[in-house]
Structures are given as structure tokens and as C-alpha cells.
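# Structure at a glance
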Amino acid sequence: LARLDNGRWKQTSFPQLSSTLSSRSVYAAPDGSVWFGAYRPKEKLGQYGGVLVFKKVGGQWNHTHYRPSEEAPHSPYAVTQTTNGMGWAGQTGLKQFDGTRWTQVIEPSVLNTAWIQSLYADETGGLWVGTRTHGIFHFDGKVWAQYSVREGLPYNRIIDIEKDKNGLMWVS
């Protein structure tokens, strides 16, 4: 990992973090923290997946590595944070982070086994979840809605989700 600091790149290495990161597994949160999801762990080499969160405290960057466990994500392919401060990580299933602990999202039940391709947190606090085979799920903070080819998507495999300045949602 590297960051540009006062015109100079500063590298930070984490030998215990899997080197496989995706552009969808990097998220700069409104609170100034930066989240990285690492997947394809190589545990025989001592490299683990999980989520790495950087936060600047008192002028210094601190980090926390949430290593894979029963609760923490094993191989997150997408990460984000909603406006209420809740962290999210997608892998095979969706995990939620309340600032202290990770929990598996159990409703809707299809998200327990769906491969999560992308996550998008909107300005209203909503969470958009793109899956490999089940289309898109939207959580408004209370209710989940699913969108698939039945609702007009060209296909159910969603690679990325973005919103433009006019408020239109775009998927690929």
C-alpha cells in the first residue's frame, strides 16, 4: 500500500495481509478512515485476508487489521461504510461492522450465500449490494429490496454500482 503525503509517496507493507486487493475493496470513508479488503489469502505463507482500516489520529496514521475469524470477513471483495458509520464487507455473504464487532447479515437469506461483487453506500444512508448471480439488493436502513432481470436489469451479474451527479444509479 502507498499514500501520497506532502508530494511524496510513502509505502506501508503488511506482510501478514494478502496482497490481493480489488479496486472495489478500497473505500475512503467520510470520517477520514480508509478501508481495504484483502482476499485470496495465502495462509501457508502467513498472509491473511480480512479488512484493514487506516485512521489518522493526532497526525499519525493508525491501522487495525480485522483478521479472518468466524465473525470477521475472510476474503472481502468489496467494502464500504454507510452514513450511520456502519461498515460493510462483501464476500460469500455480507458482513456488517458496528465499530466493535462483525456480524453476518442473515436477511434476506439469499445474501447468506450470494457472492458479493460490489457495494455502494449512498448519501441517504442506503446500501446497494451487487451480486454475481442475484442482481442488486438495496437496503434503506429498514427494508431490503431486490432488483433482477425481472425488474429490467440486463443480467443478474453486477460488477459495479455508481451514482452520477444527477442521482441516476448505474451498474455494469
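Summarised in this report is the structure supplied together with it. Just so we're clear, the structure is a prediction, and the values are computed from it rather than from any experiment. (Residues numbered from 1 in each chain as written. Predicted model: local features only at pLDDT ≥ 70, side-chain atom pairs only at ≥ 80, totals over all residues. Heavy atoms only, no water.)

### Points about the side chain of T82
With respect to the secondary-structure elements, T82 resides in the loop between β7 (78–81) and β8 (87–91). For T82, a relative accessible area of 4% puts it in the buried group. One polar contact links T82 to W88, side chain to side chain, over a distance of 3.1 Å. Here T82 is in contact with W88, A121, G125, G126 and L127, once residues within four sequence places are set aside. (Helix = DSSP H or I, 4+ residues; strand = E, 2+ residues; numbered from the N terminus. Buried < 20%, exposed > 50% of the residue type's maximum accessible area, 1.4 Å probe, protein only. Polar contact = N/O pair within 3.5 Å; in protein donor to acceptor, adjacent residues only side chain to side chain. Contact = heavy atoms within 4.5 Å.)

### What about the sheet that holds β8?
Spatial ordering of the open sheet is given by β7-β8-β9-β10, a layout of four strands whose pairing is antiparallel. Of all strands in the sheet, those bounded by a partner on one side alone are β7 and β10 (102–104). Neighbouring strand axes in the sheet, compared pairwise and without regard to direction, differ in orientation by 25° on average. Sheet topology note: the β8/strand β9 (residues 93–97) ladder contains five bridges and is antiparallel. Across the sheet, G87 pairs through a bridge with F97, a residue of β9. (Pairing = 2+ DSSP bridges. Axes fitted to C-alpha atoms, helices over the stretch in contact; angles between N-to-C directions.)

### Comments concerning the packing of aromatic side chains
Within the structure shown, the criterion is met by ten aromatic pairs. On the basis of an interplanar angle of 25° and a centroid distance of 6.3 Å, the ring pair of W128 and Y147 is categorised as stacked. Of this pair, W128 sits in strand β12 (residues 127–131) while Y147 sits in strand β14 (residues 144–147), and the two are 19 residues apart along the sequence. Exposure remark for W128: the relative accessible area of 15% places this residue in the buried category. A relative accessible area of 33% places Y147 in the partly exposed class. Joined through ring pairs, the aromatic side chains of W35, Y66, F97 and W102 make up one cluster. (Phe/Tyr/Trp six-rings, centres within 6.5 Å; stacked < 30°, edge-to-face > 60°.)

### What to know about the pairing of strand β5 (residues 50–57)
Across five bridges, the pairing between strand β4 (residues 34–39) and β5 is antiparallel. Each residue of the ladder has a partner; that of G37, found in β5, is V51. As paired elements, β5 and strand β6 (residues 60–66) share seven bridges and run antiparallel to each other. Bridge pairing links K56 to W61 in β6. The antiparallel hairpin formed by β5 and β6 contains two residues in its connecting segment, where G58 sits at a positive phi of about 60°.

### Structural notes on the sheet that holds β14
As summarised here, the arrangement of the four strands in space is β11-β12-β13-β14, forming an open sheet in which the pairing is antiparallel. Looking at which strands have only one partner, the edges of the open sheet turn out to be β11 (116–121) and β14. Across the sheet, the axes of successive neighbouring strands diverge by a mean angle of 20°, strand direction being ignored. In terms of strand pairing, β11 meets β12 through five bridges, oriented antiparallel. In the sheet register, I116 faces β12, and the bridge partner there is T131.

Don't take any of this as a statement about function, it's just geometry.
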